[in-house]
Amino acid sequence: MLTAVDHVQLAAPPGSEDMLRAYYVDVLGMTETPKPPVLAARGGCWFEAGAVRLHLGIEIDFRPAKKAHPGLRVTGIEAYAARLAALGATVTWDDAFPGHRRFYSEDPVGNRLEFLEAVRPSGREA
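Quantities reported herein were computed from a predicted structural model and do not represent experimental measurements. (Residues numbered from 1 in each chain as written. Predicted model: local features only at pLDDT ≥ 70, side-chain atom pairs only at ≥ 80, totals over all residues. Heavy atoms only, no water.)

Colleague: Would you mind going over the environment of L87 with me for this structure?
Modeller: One can find L87 in the loop between α3 (77-86) and β6 (92-94). Taking the C-alpha atoms as reference points, L87 and G43, 44 residues apart in sequence, are found 26 Å from one another. (Helix = DSSP H or I, 4+ residues; strand = E, 2+ residues; numbered from the N terminus.)

Printed below as a string of structure tokens:
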């Protein structure tokens, strides 16, 4: 029986860890968590914020995920989008999901990320 999602793993090219840290920590506001030594030897980075855990693993023949993506729930989506944009991240709004405000962004290696917040029928954020 499934009980929860433990983490989502995205791929990244070799040598991209510093760029990933700058984005996931400084832009998204996540915290880097240490990888177990046996896994740290493979490269990559792990990040978390509350119950959200993202693992970025190194892939030799890396290609960014352009369609596949994690959907990350946020609060105060307008302010969060403004923060990302002010820090140089792309913010592309999409109003095609009824009952939600959402936008897409990309990490520095091109992985697609979705950020969403439910809205009340009046259009205000829930």
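Colleague: What am I meant to see in the packing of aromatic side chains here?
Modeller: How two aromatic rings sit relative to each other is set out by the distance from centre to centre and by the angle between their planes. Tallying each qualifying case throughout the model produces five aromatic pairs. Between Y24 and F47, the aromatic rings sit 5.1 Å apart at their centres with planes inclined by 15 degrees, giving stacked as the arrangement. In this pair, Y24 sits in helix α1 (residues 17-27) while F47 sits in strand β3 (residues 45-49), placing the two residues 23 residues apart along the sequence. By relative accessible area, F47 is classed as buried at 1%. Taking the centre distance of 5.0 Å and the plane angle of 20 degrees together, the rings of F103 and F115 count as stacked. With a gap of 12 residues between them, F103 in strand β7 (residues 100-106) and F115 in strand β8 (residues 112-118) connect regions that are remote in the sequence. The class for F103 is buried, based on a relative accessible area of 0%. (Phe/Tyr/Trp six-rings, centres within 6.5 Å; stacked < 30°, edge-to-face > 60°. Buried < 20%, exposed > 50% of the residue type's maximum accessible area, 1.4 Å probe, protein only.)

Colleague: Got a minute to help me understand the sheet that holds β8 in this structure?
Modeller: Neighbouring strands of a sheet are bound in pairs by backbone hydrogen bonds; such pairs are parallel or else antiparallel. Sheet architecture is open: four strands sit in the order β5-β8-β7-β6, paired in mixed fashion. The sheet is open, and its two edges are formed by β5 (71-73) and β6, each paired on a single side. Mean inter-strand twist for the sheet, computed between neighbouring axes without regard to direction, equals 30 degrees. When β7 meets β8, the two strands line up antiparallel, connected through seven bridges. Bridged to S105 within β8 is L113. α3 rests against β6, β7 and β8 of the sheet, and its axis sits at about 15 degrees to β7. (Pairing = 2+ DSSP bridges. Axes fitted to C-alpha atoms, helices over the stretch in contact; angles between N-to-C directions. Contact = heavy atoms within 4.5 Å.)

Colleague: What am I meant to see in α3 here?
Modeller: Each α-helix winds once per 3.6 residues, and so residues spaced three or four apart point in a common direction. Looking only at α3, the buried set comprises I77, Y80, A81 and L84. Take α3 and look down its axis: the buried residues cluster within an arc of 100 degrees, on one side only. Within α3, the exposed residues directed more than 90 degrees away from the buried face are A79 and A86. Buried residues along α3 sit in contact with α1, β6, β7 and β8. Looking one or two residues beyond α3, the residue adopting positive phi is G88, at roughly 95 degrees. (Arc of directions from axis to C-beta.)

These figures capture arrangement, not role.
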